[in-house]
Structure formats: C-alpha cells, structure tokens
Amino acid sequence: IEKMEGWKGADINKAKIVLADEATALLHGRDCLATIHETVDSMFKSKGGAKGKIESTEGLPRIFITKDDLSGEGMRFPDLFLQLGLASSKKDARRLIQGGGARVEGEKIEDENALLTMDSFGDKQEITLRAGKKRAGVVELQ
C-alpha cells in the first residue's frame with residue numbers, strides 16, 4: 001500500500017484492481033480471481049462496451065426460473081432486478097427503467113411494465129440484465 005500511495009493518473013486504477021483483488025482473495029480465496037477477471041474483461045473491455053452483450057456470465061449474480069414462472073403473462077422486469085439485487089426495491093427498479101439504465105441482452109428496456117417471457121429466451125438458456133454500466137445479473141431458465 002505504501003508503494004501505491006504515490007501513484008497518480010491511470011496508475012490509480014491499477015491500485016484499485018490490486019486492492020480489490022487482495023480483498024476478494026481474503027474473503028473468497030485466490031481461486032475465484034480468474035473467473036472474476038474474466039467477467040470484468042467481458043463486461044468492460046469487450047468491443048460491445050457497457051451496452052454490449054457480456055461474453056462470460058459465470059461470475060455474475062444469478063437467479064433461476066422455470067417455464068412455469070413464465071407461463072401466462074411472464075415476469076415483470078422490476079421483479080427480476082429486485083431478485084437479482086440490482087435494485088433495492090421495485091420502485092428503484094422502475095426508476096432505473098424510466099431513466100434508461102436498464103437493459104436486457106444489451107437492449108434498453110423502454111417500458112417499466114415490460115415482461116420477460118419464454119419468447120425472450122429464444123433458443124438460449126439464460127438472459128443478462130444490466131443496471132447501469134457496472135452491475136449485471138443473469139436470469140437462467142431451468
């Protein structure tokens with residue numbers, strides 16, 4: 001830490017990575033760092049950027065739903081954001097959507113009453129939801 005105290009500019013971001021890695025290693029062990037770095041690279045360093053699709057979802061928060069959960073109308077996005085911990089309340093999730101910060105598979109969610117349905121999955125087993133640029137989670141179909 002003493003060595004990093006004098007760092008300036010872009011080096012500050014390197015210091016943040018080192019400190020985050022050390023804190024994560026203390027809490028979860030060094031084995032999980034590779035997965036976390038893969039997820040971060042996928043989210044922030046890919047050509048899609050914050051709006052693009054995430055290549056590796058392994059390290060993201062995840063909820064599991066069944067076809068029965070989606071029968072009828074489907075599931076409202078505010079409920080999913082709340083279950084994933086990407087919003088602290090349904091009201092917070094609705095504000096996120098109204099403000100344009102909510103995305104499903106890289107596409108902006110325009111309507112706070114929009115629903116996730118079986119059609120949303122197409123031939124995939126999981127869908128990625130984003131809350132702003134830095135937070136994301138996965139809804140996986142079982």
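Up top is the structure these notes are about.
On a predicted model such as this, the values are computed, not experimentally measured, just so you know.

Quick notes on the rules
Residues numbered from 1 in each chain as written. Predicted model: local features only at pLDDT ≥ 70, side-chain atom pairs only at ≥ 80, totals over all residues. Heavy atoms only, no water. Axes fitted to C-alpha atoms, helices over the stretch in contact; angles between N-to-C directions. Helix = DSSP H or I, 4+ residues; strand = E, 2+ residues; numbered from the N terminus. Left-handed = near helix turned anticlockwise from the far one by under 90°. Contact = heavy atoms within 4.5 Å. Nonpolar A, V, L, I, M, F, W, Y, C, P; charged D, E, K, R; others polar. Core = buried A, V, L, I, M, F, W, Y, C linked by side-chain atoms within 4.5 Å. Buried < 20%, exposed > 50% of the residue type's maximum accessible area, 1.4 Å probe, protein only.

1. A closer look at the packing of helix α4 (residues 77-84) against helix α5 (residues 90-98)
Remark: α4 packs on α5, axes separated minimally by 8 Å, with the N-to-C direction vectors making an angle of 115°. Where α4 crosses over α5, the handedness of that crossing is right-handed. Packed against α4, whose contacting residues are Phe77, Pro78, Asp79, Phe81 and Leu82, the element α5 presents Lys90, Ala93, Arg94, Leu96 and Ile97 at the interface. Per-class residue counts for the contact of α4 with α5 are seven nonpolar, no polar and three charged.

2. Observations concerning the nonpolar core
The biggest cluster of nonpolar side chains holds 23 residues, and the ones touching the most others in it are Phe77, Phe81, Leu116, Leu129 and Val139. Sorting the residues of this core by element identifies β1 (62-65), α4, α5, β3 (102-104), β6 (126-131) and β7 (135-141) as the ones contributing at least two each. It is α4 that provides the largest number of residues to this core, a total of four residues. Setting aside anything within four residues of it in sequence, one finds Val139 in contact with Ile63, Ile65, Leu80, Leu84, Leu116, Phe121, Gln125, Glu126, Ile127 and Leu129.

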